[in-house]
Amino acid sequence: MEGSKKGEAVFDSMNLNPQLFLNETLNTVEDIVGEAFDFYTLEASNLLKIDGRADNNRSRELAKGIDRVRGMIQSVLEDRLRMWEAYCLRYTFAVPEDFVLPESVSDAQNIQPLPNDQDLDAELDSLRRKLHLERNRSVELNSELQALERRSVSNELSARLVNEVSKLYDESSVNDMSKEMTKVASELRAAINRLKTRRTNAAERATGERLKNNGIDFSATALGGKIEELDKFLAELRKM
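Just so we're clear, the structure is a prediction, and the values are computed from it rather than from any experiment.

A word on the overall build of the protein
1) Next: The helix and strand tally for the protein stands at six helices and zero strands.
2) Next: The order of helices and strands in the protein, counted from the N terminus, is α-α-α-α-α-α.
3) Next: Within the protein, the fraction of its 240 residues that count as buried is 10%.
4) Next: Put simply, of all contacts in the protein between residues at least 6 apart along the chain, 74% involve residues at least 24 apart.
5) Next: In the structure as shown, the protein presents an accessible area of about 20200 Å², 56% of it carried by carbon and sulfur atoms.

Digging into helix H2 (residues 18-48)
1) Next: The terminal C-alpha atoms of H2 lie 45 Å apart, and with 31 residues this matches the ideal 45 Å at 1.5 Å per residue to within 8%.
2) Next: Within H2, the full set of buried residues consists of Pro18, Leu22, Val33, Gly34, Phe37, Ala44 and Ser45.

A word on helix H3 (residues 56-92)
1) Next: With 37 residues, H3 should reach 54 Å at 1.5 Å per residue; the first-to-last C-alpha distance of 50 Å fits that figure.
2) Next: Among all positions in H3, only Leu62, Ile66, Leu81, Glu85 and Cys88 are buried.
3) Next: As for H3, its buried residues are in contact with H2.

Points about the UniProt feature "coiled-coil region" (unreviewed entry) in the protein
1) Next: Mapped onto this numbering, the UniProt entry annotates "coiled-coil region" (unreviewed entry) at residues 124-151.
2) Next: Between the C-alpha atoms that bound residues 124-151 the distance is 40 Å, and the span itself is 100% helix and 0% strand.

Let's talk about the packing of H2 against H3
What describes two packed helices is the angle between their axes and the distance between those same axes.
1) Next: Running from amino to carboxyl end, H2 crosses H3 at an angle of 160°, the nearest separation of the two axes being 11 Å. Looking at the two axes, H2 sits roughly antiparallel to H3. Every pair of crossing elements has a handedness; the one defined by H2 and H3 is right-handed.
2) Next: Residue composition of the contact of H2 with H3, by class: 17 nonpolar, seven polar and three charged.

Re the packing of aromatic side chains
1) Next: Taken as a whole, this structure holds four aromatic pairs when the rule is applied.
2) Next: Ring centres of Phe37 and Tyr40 lie 6.4 Å apart, and the angle between their planes is 80°; this geometry places the pair in the edge-to-face category. Here Phe37 pairs with Tyr40, and both are found in helix H2, just three residues apart, close to one helical turn.
3) Next: Between the aromatic rings of Tyr87 and Tyr91, the centroid separation amounts to 5.0 Å while the plane-to-plane angle is 40°, which identifies the pairing as tilted. Within this pair, Tyr87 and its partner Tyr91 are both found in helix H3, separated by four residues, close to a single helical turn.
4) Next: Owing to a relative accessible area of 48%, Tyr87 belongs among the partly exposed residues under this scheme.

Thoughts on the pattern of salt bridges
1) Next: Enumeration according to the criterion identifies three salt bridges in this entry.
2) Next: Of the charged contacts, one joins Arg82 and Asp79 as a salt bridge, the two residues approaching to 2.1 Å between their closest N and O atoms. Here Arg82 pairs with Asp79, and both are found in helix H3, just three residues apart, close to one helical turn.
3) Next: Here Arg82 falls in the partly exposed class, since its relative accessible area comes to 49%.

Observations regarding a negative patch on the surface
1) Next: Side chains of Glu30, Asp31, Glu35, Asp38 and Glu78 sit close together on the surface and give a patch of like negative charge.
2) Next: When residues in the negative patch are grouped by element, the largest group, four residues, is from H2.
3) Next: Secondary-structure assignment places Asp38 in helix H2.

Some remarks on the environment of Glu85
1) Next: In this structure, Glu85 sits in helix H3.
2) Next: The exposure class of Glu85 is buried, given its relative accessible area of 19%.
3) Next: Distance in space between the C-alpha atoms of Glu85 and Leu22 is 6.8 Å, their sequence separation being 63 residues.
4) Next: Contact partners of Glu85, with chain neighbours within four places excluded, come to Gln19, Leu22, Asn23 and Leu26.
5) Next: Separated by 3.1 Å, the side chains of Glu85 and Gln19 make a polar contact.

Comments concerning the side chain of Ser45
1) Next: By secondary structure assignment, the location of Ser45 is in helix H2.
2) Next: Residue Ser45 is classed as buried on the basis of its relative accessible area of 18%.
3) Next: A distance of 2.9 Å separates a polar atom in the side chain of Ser45 from the backbone oxygen of Thr41.
4) Next: Setting aside residues up to four positions removed in sequence, Ser45 forms contacts with Ile50 and Leu62.

Cut-offs and rules
- Residues numbered from 1 in each chain as written.
- Predicted model: local features only at pLDDT ≥ 70, side-chain atom pairs only at ≥ 80, totals over all residues.
- Heavy atoms only, no water.
- Helix = DSSP H or I, 4+ residues; strand = E, 2+ residues; numbered from the N terminus.
- Buried < 20%, exposed > 50% of the residue type's maximum accessible area, 1.4 Å probe, protein only.
- Contact = heavy atoms within 4.5 Å.
- Areas by Shrake-Rupley, 256 points an atom, 1.4 Å probe, with all protein chains shown as cover.
- Expected span 1.5 Å × (residues − 1).
- UniProt positions renumbered as here; feature names shortened; annotations may be inferred.
- Axes fitted to C-alpha atoms, helices over the stretch in contact; angles between N-to-C directions.
- Parallel < 35°, antiparallel > 145°, perpendicular 65-115°, else oblique.
- Left-handed = near helix turned anticlockwise from the far one by under 90°.
- Nonpolar A, V, L, I, M, F, W, Y, C, P; charged D, E, K, R; others polar.
- Phe/Tyr/Trp six-rings, centres within 6.5 Å; stacked < 30°, edge-to-face > 60°.
- Salt bridge = Lys/Arg side-chain N within 4 Å of Asp/Glu carboxyl O.
- Patch = residues over 30% accessible without salt bridge, like charges linked within 9 Å, V, L, I, M, F, W, Y side chains within 5 Å.
- Lys, Arg positive; Asp, Glu negative; His and termini not counted.
- Charge placed at Lys NZ, Arg CZ, Asp CG, Glu CD.
- Polar contact = N/O pair within 3.5 Å; in protein donor to acceptor, adjacent residues only side chain to side chain.

Now the structure itself:
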């Protein structure tokens, strides 16, 4: 404990006085509370338009009410501060039983000194700069990630559209090819029918001619008719 000789020796070696620190803290709190209620009294007087010289009764009533509020607050605050002081003396400034003071000056010099305020400020500034850089880097990475996601979505959409168009094109090509084959087959069938009709008509004419010529078949005339029919058939095929 702080009151023991061991505790006093430890704190004296470190140039520390726990009780002095606690007393200064309690005095500081008391000063802050006093300044706060002085400000509160001044503001209340201004808001209520109370002049201490002209409104003695109102001024006394206001001071009485403020003193009563201050007494309630200080009563609770003092109880809490007493518990805080007792806790600090018992736990915060307690010296462990196995704590051993340095036996020589060399041992004491091995204790690392605490960094001063300038060192701490420099380290904090360095950490702030690193944190700022990391935040900027994080923002850049998030922007790049969003751009990649948008590009991926765009590529997937483009691939889907290409597949759909390709599918429609394939279906259209098959339909057009089927229609074209049907058209060609119909034209070919019509040409064959016309050729059959012409051959039939030519045979009938040739028969009539043979009958007129007493059954004599002129081979050159018949051969010329067949060649003419073949030329017409080839002409029909070229049009298709």
